[in-house]
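Overview (structure and organization)
Listed below are the residues making up each chain.
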Amino acid sequence: MQLIQENPDLSAYLAADEVIDHHHPLVRETAAKLAKGVMNSYEYAQAAFEFVRDTIPHSQDSGDLRVTWRASDVLEQRTGICYAKAHALAALLRAEDIPTALCYQELEVVHGLVAVRFDGAWHRQDPRGNKPGVDARFSLDGERLAFTPDPASGETDCPVLYAVPHPVVLDILTSARDRPHLWQTLPTAL
């Protein structure tokens, strides 16, 4: 699958906004801690990925009822669903000048991922969090995502790389009262 930048300006994939708030002190502090002891941006990207994947539980897996959507809130509250965890990872990567896009899969519901740009190419990563049957890993040599779409069931990989969260995703996150309510309103398509 060929990934398509929604915005042709690469600097859009480094920008901060209300959601990917990499200017926030907590995001900056976390990025600085992760950057210590790494040799280059590849190692930093992997460290940031593993930090989000492994230390911020997916709220559905952990039973956490809170809904987070802003990167700094995900880092502070240590919870989020796939979209929120993708926002946190994007903020940590952009804080270190690594172009990062948001991207999606249409499975039973829409699933959120990120794509990082290295060596002139985009590489999708899934910081959702591992559990039995899910083994996502950071990789620049072929995808190691949490889920593989089943075309026979109508599931697809969405090729568009967004600089900001898709409006449908952001709307359901910001309007959810709690995670059970969020779960009832998850989009099935973008």
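My aim in this report is to walk through the structure given alongside it, one point at a time.

Rules and cut-offs
Residues numbered from 1 in each chain as written. Predicted model: local features only at pLDDT ≥ 70, side-chain atom pairs only at ≥ 80, totals over all residues. Heavy atoms only, no water. Salt bridge = Lys/Arg side-chain N within 4 Å of Asp/Glu carboxyl O. Pairing = 2+ DSSP bridges. Helix = DSSP H or I, 4+ residues; strand = E, 2+ residues; numbered from the N terminus. Contact = heavy atoms within 4.5 Å. Axes fitted to C-alpha atoms, helices over the stretch in contact; angles between N-to-C directions. Parallel < 35°, antiparallel > 145°, perpendicular 65-115°, else oblique. Left-handed = near helix turned anticlockwise from the far one by under 90°. Nonpolar A, V, L, I, M, F, W, Y, C, P; charged D, E, K, R; others polar. Core = buried A, V, L, I, M, F, W, Y, C linked by side-chain atoms within 4.5 Å. Buried < 20%, exposed > 50% of the residue type's maximum accessible area, 1.4 Å probe, protein only.

1. Quick look at the pattern of salt bridges
The final tally for this structure, using the stated rule, is 11 salt bridges. Residue Arg 137 is joined to Asp 135 by a salt bridge in which the shortest nitrogen-to-oxygen separation is 3.1 Å. Salt bridges sharing common partners tie together Glu 18, Arg 70 and Asp 73.

2. A look at the sheet that holds strand β3 (residues 110–118)
Here 4 strands make up an open sheet; going across it, the order is β4-β3-β2-β5 and the pairing antiparallel. A strand with exactly one partner marks an edge of an open sheet, and here the two such strands are β4 (121–125) and β5 (156–157). Pairing geometry for β3 and β4, over 5 bridges, is antiparallel. Within β4, the position partnered with Val 114 by the bridge is Gln 125. Seen against the sheet, helix α5 (residues 82–95) touches β2 (100–106) and β3 and runs at an angle of roughly 15° to β3.

3. Concerning the packing of helix α1 (residues 25–35) against helix α2 (residues 41–55)
α2 packs onto α1 with a crossing angle of 120° between their chain directions and a minimal axis gap of 9 Å. The orientation of α1 relative to α2 falls into the category oblique. Regarding α1 and α2, the two cross each other, and that crossing is right-handed. In this structure, α1 contributes Thr 30, Ala 31, Leu 34 and Ala 35 to the contact, and α2 contributes Tyr 44, Ala 47, Ala 48 and Phe 51. Of the residues in the contact of α1 with α2, the class split is 7 nonpolar, 1 polar and no charged.

4. Quick word on the nonpolar core
Core analysis: the biggest nonpolar cluster contains 44 residues, and Tyr 44, Tyr 83, Leu 92, Leu 93, Leu 102, Tyr 104 and Leu 173 have the highest contact counts within it. Listing elements by their share of this core, those giving two or more residues are α1, α2, α4 (71–77), α5, β2, β3 and α6 (167–175). Dropping the residues within four chain positions of it, Leu 173 is found in contact with Val 67, Thr 68, Trp 69, Ile 81, Tyr 83, His 87 and Leu 182. The next biggest cluster of nonpolar side chains, apart from the first, holds 11 residues, and it includes Leu 3, Tyr 13, Ala 115 and Leu 161.

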